[in-house]
Amino acid sequence: MSTFLTAALATSLLSACGAGQTQPTQPAQEAPKADAAPKEPAGPQEVNVYTARHYEIDDKLFEEFKTKTGITVNVVKGKANELTERLRREGSSTPADLFVTVDGGALSNAEEFFQPLESETIAKQVPEQFRDKENNWVGISTRARVIVYSKDRVQPDQLSTYEDLATDKWKGKVLVRSSSNQYNQSLLASFIELNGAEQTEAWAKGIANNLARDPEGGDRDQIKGIVAGLGDVGISNTYYVGLMLNSKDPEEVKVAEQVGVFFPNQDTTGTHLNISGVGLIKSSKNKENAIKLVEYLTSKEAQTLSANENFEFPVNPEADLPELLKTWGSFKAQDLDYTVLATNNKQATEIMNKVGWK
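Caption draft 1: Spatial organisation of the overall build of the chain. Helix and strand content of the chain: 15 helices and 9 strands. Counting all 358 residues of the chain, 55% fall into the buried class. Taking the intrachain contacts of the chain between residues at least 6 apart in sequence as the baseline, contacts between residues at least 24 apart amount to 78%. When the accessible surface of the chain is totalled, it reaches about 16,300 Å², and 48% of it is carbon and sulfur.

Written out as structure tokens, the structure is:
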């Protein structure tokens, strides 16, 4: 490929990604002549991915894809907002072909950079509910944002809904990460859509009042806090429980074994889903390779591998689930357009700030 980054950007990129990641080649300093004929890509086939996902399984899938197709996947990792700002700065000269991120709101916020992902294979592999209506992005995995609870101090029949966590019943017993976390912002954004702003504010105020401590750490820290006796219940994405139960660290396994997973709102609006997805960049220089990669990532083979190693729920219904996900059983998920998570994000943040959810 012939269009690339400045040396300064490449240095920053290497720092952000760490050792062992393959980088896109440097951008050309001169724009091609307007009347220059398009050229076929020279050298090895490749596809360049900007990703806000930092998981070993993703690197493994990229290597598997290369083995199968001979197409090298060059990866740039960073936070979603950093990568979208970089895409904005690079404009049409960006080397990126695909943008991968976590959360429906973050995907919707990045739609300005995408072109439709047109592929009959992808459409067959990924149900409509996990694709953007305009095919600007497609899901590659989901996590359920559930209630985790102490098996020693809480019985499952004491749990019911997210709304119940905001009642006096759970005063001083709730653990959850901060309001700056995208997962929580999207959770509230979904409530605004389903229940309205007034009910959402009342819920957020109840949660803030019921906190066992000021929010700190990630979802794993809420699970550890429950086991340490700081609180009895918490809000977490499911895959964290799966990763801890299968951790190489025996202490993490021991902690995770002491919490249960409860899917709330099964008789009402359903459990909130956090989705990871991928979009095809408008100016992609390796469009055909990029679509091939998305077809692979959403295939039964890749989805099964991802579910078994990262414990996320696959979007391809043909994928085989690991035993852990089978034991959790099926559940009712929220039914809403993921674009509302971006639309309602600002209001969700304002509500959390207003009620004192730090």
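Caption draft 2: Seen up close, the environment of Lys354. Summarising the element assignment, Lys354 is placed in helix H15 (residues 345-355). Accessibility expressed as a relative area gives 61% for Lys354, which makes it exposed. For the pair Lys354 and Lys205, spaced 149 residues apart in sequence, the C-alpha separation works out to 8.5 Å. Separated by 3.2 Å, the side chains of Lys354 and Glu201 make a polar contact.

Caption draft 3: Spatial organisation of the packing of aromatic side chains. Evaluation of the coordinates by the stated rule reveals 10 aromatic pairs. Geometrically, the ring pair formed by Phe65 and Tyr296 is tilted, given 5.9 Å between the ring centres and 40° between the ring planes. Of this pair, Phe65 sits in helix H2 (residues 56-69) while Tyr296 sits in helix H11 (residues 287-297), and the two are 231 residues apart along the sequence. Taken individually, Phe65 and Tyr296 each receive the classification buried, so the pair is uniform in this respect.

Caption draft 4: Just helix H8 (residues 219-227), in detail. Residues Asp219, Gln222, Ile223, Gly225 and Ile226 constitute the buried set of H8. One side of H8 holds all its buried residues, which, seen down the axis, span an arc of 160°. Positive backbone phi, at 90°, marks Gly229, one or two positions downstream of H8.

Caption draft 5: Highlighting helix H9 (residues 238-245). A large share of H9 lies buried, amounting to 7 of its 8 residues. The set of residues buried in H9 consists of Thr238, Tyr239, Tyr240, Val241, Gly242, Leu243 and Met244.

Caption draft 6: Structural view of the nonpolar core. Counting residues in each nonpolar core, the largest one holds 98 residues, and the members touching the most others are Leu98, Trp203, Val233, Leu293 and Trp357. Here the element with the most residues in this core is strand E5 (residues 137-150); it accounts for 8 residues. Every residue in contact with Trp203, bar those within four places of it in the chain, is listed here: Tyr162, Glu163, Ala166, Leu187, Leu188, Phe191, Ile235 and Trp357.

Caption draft 7: Representation of the side chain of Asp219. Tracing the chain through its elements places Asp219 in helix H8. Ignoring any residue separated from it by four or fewer positions in sequence, one finds Asp219 in contact with Arg145, Arg177, Tyr183, Ile235, Ser236, Asn237 and Tyr240.

Caption draft 8: Up close: the pairing of strand E9 (residues 272-281). The buried fraction of E9 amounts to 10 of the 10 residues, a majority that puts the element mostly inside the structure. Bridging between strand E3 (residues 98-102) and E9 involves 5 bridges; their strand directions are antiparallel. Looking at E9, one finds that Val102 is bridged to Ser276. Summarising the sheet, strand E4 (residues 114-115) and E9 pair through 2 bridges and their orientation is antiparallel. Bridging from a neighbouring strand, Gln115 pairs with Leu280 of E9. Judged from the 8 bridges that link them, E5 and E9 form a sheet pairing that is antiparallel. Looking across to E9, one finds that Trp137 is bridged to Gly279.

Definitions and cut-offs
- Within each chain, residues carry numbers counting from 1 in the order of the written sequence.
- Confidence filtering applies because this is a predicted model: local features only for residues at pLDDT of at least 70, side-chain atom pairs given and counted only at 80 or more, and all residues used for totals across whole chains, interfaces and linings.
- Side-chain metrics in this entry use all non-hydrogen atoms of the structure; hydrogen atoms and water are not considered.
- Working definition: helices are DSSP H or I runs of at least four residues, strands are E runs of at least two. Numbering for both runs from the N terminus.
- The cut-offs for exposure are 20% and 50% of the maximum accessible area for each residue type, with area from a 1.4 Å probe on protein chains only; residues under the lower value are buried, those over the upper are exposed, and the others partly exposed.
- Any pair of residues with heavy atoms lying within 4.5 Å of one another is described as a contacting pair.
- The protein chains shown are the only cover counted for residues, whose accessible areas, like all others here, come from Shrake-Rupley with a 1.4 Å probe.
- In the analysis that follows, any N or O atom pair within 3.5 Å is treated as a polar contact, provided that within protein one partner can donate a hydrogen and the other can accept it, and provided that, for residues neighboring in sequence, both atoms belong to side chains.
- Only rings of Phe, Tyr and Trp enter the pairing, Trp through its six-membered ring, and a pair is recorded when the two centres are within 6.5 Å. The plane angle decides the type: under 30 degrees is stacked, over 60 is edge-to-face, the rest tilted.
- The arc refers to the directions leading from the helix axis to the C-beta atoms.
- In this description, a nonpolar core means a group of buried Ala, Val, Leu, Ile, Met, Phe, Trp, Tyr and Cys residues linked to one another through side-chain atoms lying within 4.5 Å.
- Paired strands, in this sense, are two strands between which DSSP finds at least two bridges.

Just distances and angles here, no functional claims.
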